[in-house]
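Coordinate analysis (summary)
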Amino acid sequence: MGGGSTDIKLIDEKGIRLDGRRVDQLRPIKIEAGVLKNADGSAYVEWGKNKVLAAVYGPREAHPRHIQDPTRAVVDVIYNMCSFSVEERVRPGPGRRSVEISKVIADAFRNVIFTEQFPRAKIDVYIEILQANAGTRCAGVVAASVALADAGVPMMDLVPACAAGKANNQLILDLGKEEDNVGQADLPTAIVPKTGEIVLLQMDGHLTQDEFDRALQMSMNACMQIYELQKDALRRRYATSANDAPDTEEVRQ
Ligand code: ADP
């Protein structure tokens with residue numbers, strides 16, 4: 001959020017944004033499940049110009065033992081921006097921003113994973129931002145959620161996420177980089193579609209109560225579209241495994 005300048009024109013008279021989208025339109029999203037061989041579960045998400053990889057390990061015995069919880073699994077998330085993910089090289093290592101994002105994403109997943117089924121275990125979720133263009137925490141949640149399902153981690157539901165916000169005094173869905181830089185508000189949201197529960201909600205900038213309600217509704221509606229894409233990615237992954245079956249048979253002969 002760049003201080004909420006309304007001088008820079010981000011939306012034209014016809015309601016079209018710099019990248020050609022309508023105010024309530026998502027950037028194109030592609031999701032692929034099971035892209036990494038060595039992780040227990042994985043997913044790759046392209047969302048506009050964002051490129052995000054998520055990998056999951058576990059549930060496996062938590063080490064060292066003093067971090068174990070005898071009642072449930074420990075869920076750890078590491079969100080990391082690769083050095084080459086933005087135009088100016090990102091300093092490697094966890095900065096304040098990535099520590100915060102890792103924490104809010106871990107809190108979101110602790111609400112949906114049936115952690116009590118795995119006492120003394122640990123589930124590690126790695127989110128690598130290969131290319132960033134605003135909205136990476138939402139893309140990270142979307143990717144991590146598919147990766148967790150791919151790993152077979154029992155969860156209440158998949159977790160779609162999306163941001164809505166405000167620029168040029170209008171509410172907009174899924175802010176791009178320029179909109180994030182000079183817009184007036186950004187409201188990343190992640191939900192559990194089955195229950196309607198909000199598991200991640202942050203806000204940068206300013207909105208009136210009415211704008212907040214409408215922006216939240218916009219992002220929740222978009223989450224339901226993204227939810228379909230997540231399920232579709234898992235269905236495709238499953239279909240691929242089924243098609244692999246004849247090869248397995250051939251090897252056996
Ligand atoms: P999100 O990516 O979830 O929207 P932010 O609002 O903090 O999170 O960041 C918005 C965008 O700003 C990022 O997607 C990325 O394009 C850019 N950005 C974030 N951190 C850096 C950084 N250290 N250097 C350059 N650009 C960055």
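Overview of the structure. Everything numeric in this text was worked out from a predicted model, so none of it was measured.

1. A closer look at the nonpolar core
Membership of the largest hydrophobic core comes to 66 residues, with the highest contact counts inside it found for Trp47, Ile105, Phe109, Ile113, Ile127 and Leu148. Sequence-distant contacts of Ile105, defined by excluding residues within four places in its chain, comprise Val77, Ile127, Arg137, Val141 and Leu200. Within the second largest apolar cluster, 6 residues are counted, among which are Leu10, Ile11, Ala167 and Ile172.

2. Here we look at the site of the ligand
In the neighbourhood of the ligand, the contacting residues comprise Met81, Val86, Arg97, Ala132, Asn133, Ala134, Gly135, Thr136, Arg137, Lys177 and Asp180. Gly135 places a polar main-chain atom, nitrogen or oxygen, 2.8 Å from an oxygen atom of the ligand. Here an oxygen atom of the ligand and a side-chain polar atom of Lys177 are 3.4 Å apart. Compared with its free state, where it exposes 530 Å², the ligand has 74% of that area covered by protein. At a threshold of 2 Å from the grid points, most atoms of the ligand map onto the largest pocket. Of all the secondary-structure elements, those providing two or more residues to the shell around the ligand are helix H2 (136-150) and helix H3 (177-182). Of the residues that constitute the shell around the ligand, the class distribution is 4 nonpolar, 3 polar and 4 charged.

3. Considerations on the environment of Ser219
Take Ser219: it is sitting in helix H4 (residues 209-252). Among residues more than four places away in sequence, those in contact with Ser219 are Cys162, Ala163, Ala164, Leu173, Leu187 and Thr189. Only 3.0 Å separates the side chain of Ser219 from the backbone oxygen of Leu216, close enough to count as a polar contact.

4. With respect to unusual backbone geometry
The peptide bond linking Gly58 to Pro59 adopts the cis configuration, its omega dihedral lying at 0°. Considering the arrangement of structural elements, one finds Pro59 in strand E3 (residues 50-61). The omega torsion of the bond from His63 to Pro64 falls at -5°, within 30 degrees of zero and hence cis. Positive phi outside glycine occurs at Arg120, with the angle close to 70°. Summarising the element assignment, Arg120 is placed in the loop between helix H1 (96-110) and strand E5 (121-131). The class for Arg120 is partly exposed, based on a relative accessible area of 43%. You will see that Ala134, though not glycine, has its phi angle at about 75°, which is positive.

5. Topic: the layout of surface pockets
Over the atoms rolls a probe the size of a water molecule, and its path tells where empty space is left. Approximately 700 Å³ is the volume attributed to the largest pocket. Around the largest pocket, the lining is made up of 31 residues, and of these Tyr79, Met81, Arg97, Thr136 and Arg137 lie nearest the centre. Among the elements of the structure, strand E4 (74-81), H1, H2, H3 and strand E8 (185-192) are those that each provide at least two residues to the lining of the largest pocket. Tallied by class, residues from the lining of the largest pocket come to 13 nonpolar, 8 polar and 10 charged. The volume enclosed by the second largest pocket comes to roughly 220 Å³. Around the second largest pocket, the lining residues are Leu18, Asp19, Arg21, Arg27, Gly48, Lys49, Asn133, Gly176, Lys177, Glu178 and Glu179. Taken together, the residues of the lining of the second largest pocket break down into 1 nonpolar, 3 polar and 7 charged.

6. Re the sheet that holds strand E2 (residues 41-47)
To summarise the sheet geometry, strands pair through backbone hydrogen bonds and adopt either a parallel or an antiparallel arrangement. Spatially, E1-E2-E3-E5-E4 is the arrangement adopted by the 5 strands of the open sheet, whose pairing is mixed. Where the open sheet ends on each side, the last strands, each with one partner, are strand E1 (29-33) and E4. Strand-to-strand twist of the sheet, defined as the mean angle between neighbouring strand axes without regard to direction, takes the value 15°. Relative to E5, E3 runs antiparallel, the two being bridged by 9 bridges. Paired with Val52 across the strands is Ile129, a residue of E5. Contacts between H1 and the sheet are confined to E4 and E5, with E4 contributing the most and set at about 145° to the helix. Taken strand by strand, H2 contacts E1, E2, E3, E4 and E5, and its axis lies near 150° from that of E2.

Conventions and cut-offs
Residues numbered from 1 in each chain as written. Predicted model: local features only at pLDDT ≥ 70, side-chain atom pairs only at ≥ 80, totals over all residues. Heavy atoms only, no water. Core = buried A, V, L, I, M, F, W, Y, C linked by side-chain atoms within 4.5 Å. Buried < 20%, exposed > 50% of the residue type's maximum accessible area, 1.4 Å probe, protein only. Contact = heavy atoms within 4.5 Å. Near = heavy atom within 4 Å. Polar contact = N/O pair within 3.5 Å; in protein donor to acceptor, adjacent residues only side chain to side chain. Areas by Shrake-Rupley, 256 points an atom, 1.4 Å probe, with all protein chains shown as cover. 1 Å grid on protein atoms, 1.4 Å probe; cavity = no way out; pocket = protein on both sides within 12 Å on 5 of 7 lines; lining within 4 Å. Sits in = over half its atoms within 2 Å of the grid points. Helix = DSSP H or I, 4+ residues; strand = E, 2+ residues; numbered from the N terminus. Nonpolar A, V, L, I, M, F, W, Y, C, P; charged D, E, K, R; others polar. Points joined across faces, edges and corners; volume = space filled by probe spheres on them. Pairing = 2+ DSSP bridges. Axes fitted to C-alpha atoms, helices over the stretch in contact; angles between N-to-C directions.

Take it as geometry only, folks, not as evidence of what the structure does.
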